Amino acid sequence: MTAAAGTDRSTGVIQPTFTGRHWWRDAVIYQVYVRSFLDSTGDGIGDLAGVRAGLPYLRKLGVDGIWLSPFYPSPQHDHGYDVAAYQDVDPLFGDLAEFDLLMSAARRLGIKVLLDIVPNHCSVEHHWFRDALAAAPGSPERARFHFAAGRGPDGAEPPNNWHAMFGGSAWTRVTEPDGTPGEWYLHMFTPEQPDWNWRNPEVPAEFEGVLRFWLDRGVDGFRIDVAAGLYKHPDLPDSDDPDVDARTRDSVNPLAWNQPEVHDVWRHWRTVCDEYAARDGRERLLVGEVSVPTAREHALYVRPDELHQAFFFDLLGAPWDADAFRKVISEAMEDIAGTGSTVTWVLNNHDQVRTVTRYGGPSTEGSGLGAARARAAALLMLALPGAAYIYQGEELGLPEVVDLPDDQITDPIFRRTGSRARIRDGCRVPLPWSGQASPFGFTSGAAGARPWLPQPDYFAEYATDRALADTRSFWHLYRDGLQLRAALPQLGEGVLRWLDRQPGVLAFERGDGLVCAVNFSTAPVPAPVSGTPLLSSGPCPAGVLPGSTAAWWLSDQ
Ligand code: NOJ
């Protein structure tokens, strides 16, 4: 890599500090939520063979790679983010032989494969946790986790006041092998997800083995769950503010997240990935789920010897407003690009309300304002310098399913808080592939097979076969955007220069003459540039940028 300029605040030109060709720097990765992608066995749950069958569809869409949500053996209390065995496949999703077939098929099609690795916590069914429960307080088995005596009379109060992310105390009391009430163990998510003790050297060593196991099977990298977690304050003291809130971030318990030691883990994992790359020339990618308070702290995770990428969630969190978008984009470019990494943009994932609904309100048709804005946001994201992640169904314009009946909701957040406000099932409803009625080709089972979450009737309009046949569909917008991104040297990584502002409009130039503009208002404005139109998110008469629309041009000037 060679050094180049940083941010020039006087001209508004934002340029990364390093240049050089690394596939991940401007890759577009498609997130496959395996249990909702495509079901090959007819049990109503997507699986690895289903992913393999869907690869040609993804090739046609034009993504560079896929990230697979966890498919490891798991009791599925948090849909696989509670891992019972890190080096195997849950029979629900297939087996290692099927995984190998998926890898070979992906390689043949030129699609890279990232796995989801979950190092902050495991499952209560992990054999080391079972050993810990069977062992005595103070034993080496318990030292792999955070076990501690309770406070108050008879130790009946949790060891500290920390709250779990999914509601309730972050501690659960165990019954000792002799039947008496005993110690407590720490879990920052559900009680079924005990947190690992990363200060115990057995834990990092175990995870290095996990990395190598999958790298030896050919994977191209890892998406790292809760990458600002892992280490806790060594004394586990009470927190001044135990109310954790990952979305607003302001009140995240600083004793449980973002400890300085975590950076050494990412440095070590980077050396492991680099070792494999040095062997065969294939660069492996580490992308972290990093929720920290500021873009500047986020940037620390993507220093040149740490993670290659970390999802920049501020774009996803920004309201539909030109100033808000400009602010988060500028901050990201200034703070992150300067590290030598590129920004990793994301608008949707399996934990968030889908853009069509988020930008438009809870309309289930998805055909109105929310859809127009979601299309515009997609063109904006694909025009920004850096990498982009697309969540399955985003390319179909799927809205959030907002009216799932309570008895069908599976998200542990609902179980633990009783609140529907943050439930995540609505963005995880199985994809529609074809046909007029559920299961819409999702499951190959006999007629009447039921997807694990009910699909609404209106999913018929979003089925992939209809999307492919209709050139006005979301799918074609994404496909065309990806094709242009691959063909035009101005897109991908590189320079962004803000153009003059009109109220409610965001406009910037990429490289030499490629202009992207987004009209956040609902009224048309004059096009901010004259030139050759390349692509727009909606009908775009010459010289005009209609409301809730984005467009790309090659400028004449
Ligand atoms: C973040 C994942 O995206 C989410 O789905 C999961 O519940 C938590 N981490 C806990 O693993």
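The rules behind the values
Residues numbered from 1 in each chain as written. Predicted model: local features only at pLDDT ≥ 70, side-chain atom pairs only at ≥ 80, totals over all residues. Heavy atoms only, no water. Axes fitted to C-alpha atoms, helices over the stretch in contact; angles between N-to-C directions. Helix = DSSP H or I, 4+ residues; strand = E, 2+ residues; numbered from the N terminus. Parallel < 35°, antiparallel > 145°, perpendicular 65-115°, else oblique. Left-handed = near helix turned anticlockwise from the far one by under 90°. Contact = heavy atoms within 4.5 Å. Buried < 20%, exposed > 50% of the residue type's maximum accessible area, 1.4 Å probe, protein only. Pairing = 2+ DSSP bridges. Domains from an automatic or database assignment. Nonpolar A, V, L, I, M, F, W, Y, C, P; charged D, E, K, R; others polar. Near = heavy atom within 4 Å. Polar contact = N/O pair within 3.5 Å; in protein donor to acceptor, adjacent residues only side chain to side chain. Phe/Tyr/Trp six-rings, centres within 6.5 Å; stacked < 30°, edge-to-face > 60°.

Draft legend 1. Structural view of the packing of helix 10 (residues 369–383) against helix 13 (residues 474–487). Across the interface, helix 10 lies against helix 13 with an axial gap of 10 Å and an inter-helix angle of 10°. Taken together, the axes of helix 10 and helix 13 lie roughly parallel to each other. The handedness of the crossing between helix 10 and helix 13 comes out as right-handed. In this structure, helix 10 uses Ala371, Ala374, Arg375, Ala378, Leu379, Met381 and Leu382 to contact helix 13, whose residues at the interface are Phe474, Leu477, Tyr478, Gly481, Leu482 and Arg485.

Draft legend 2. Quick look at the pairing of strand 9 (residues 181–186). Of all 6 residues in strand 9, 5 are buried; the element is thus mostly enclosed. Direction of pairing for strand 8 (residues 171–175) relative to strand 9: antiparallel, over a ladder of 4 bridges. In the sheet register, Thr172 faces strand 9, and the bridge partner there is Tyr185. Counted along the chain from strand 8 to the antiparallel partner strand 9, the turn is 5 residues long, and its residue Gly179 has a positive phi close to 90°.

Draft legend 3. A look at the domain arrangement of the chain. What the domain assignment lists for the chain is domain 1 (21–122 + 200–474), domain 2 (127–186) and domain 3 (495–554). If you average the C-alpha positions of domain 2 and of domain 3, the two centres end up 57 Å apart.

Draft legend 4. Geometry of the packing of helix 1 (residues 48–61) against helix 13. As a packed pair, helix 1 and helix 13 sit with axes 8 Å apart at the nearest point and diverge in direction by 60°. Where helix 1 abuts helix 13, its residues Tyr57, Lys60 and Leu61 lie against Trp475, Tyr478, Arg479 and Leu482. Considering only residue class, the contact of helix 1 with helix 13 consists of 5 nonpolar, no polar and 2 charged.

Draft legend 5. Highlighting the site of the ligand. The environment of the ligand is formed by 13 residues, the closest being Asp78, His121, Asp225, His350 and Asp351. Taking Asp78, its side chain carries an N or O atom lying 2.5 Å from an oxygen atom of the ligand. In the model, an oxygen atom of the ligand is placed 2.6 Å from a nitrogen or oxygen of the Asp225 side chain. The residue inventory of the shell around the ligand, partitioned by class, reads 4 nonpolar, 2 polar and 7 charged.

Draft legend 6. Examining the packing of aromatic side chains more closely. Under the counting rule described, the total for this entry stands at 35 aromatic pairs. When the centroid spacing of 5.7 Å and the interplanar angle of 80° are considered together, the rings of Phe71 and Trp214 count as edge-to-face. Of the two residues, Phe71 is situated in the loop between strand 5 (65–68) and helix 2 (96–109) and Trp214 in helix 4 (residues 202–216); the sequence distance between them amounts to 143 residues. Exposure remark for Phe71: the relative accessible area of 0% places this residue in the buried category. Judged by its relative accessible area of 0%, Trp214 falls in the buried class. A centroid spacing of 5.0 Å and a plane angle of 50° characterise the contact between Trp320 and Tyr359, whose relative ring orientation is tilted. Highlighted residues: Trp320 in the loop between helix 7 (314–317) and helix 8 (322–335) and Tyr359 in the loop between helix 9 (355–358) and helix 10, separated in sequence by 39 residues. For the pair shown, Trp320 and Tyr359 are each scored as buried. Feature note: the residues Tyr86, Trp128, Phe129, Phe145, Phe147, Tyr185, Trp196, Trp198 and Phe207 constitute an aromatic cluster, connected by ring pairs.

Draft legend 7. Main features of the sheet that holds strand 7 (residues 147–148). With respect to topology, 3 strands assemble into an open sheet ordered 7-9-8, the strand pairing being antiparallel. Each edge of the open sheet carries a strand with a single partner, namely strand 7 and strand 8. The sheet contact formed by strand 7 and strand 9 spans 2 bridges and is antiparallel. Each residue of the ladder has a partner; that of Phe147, found in strand 9, is Tyr185.

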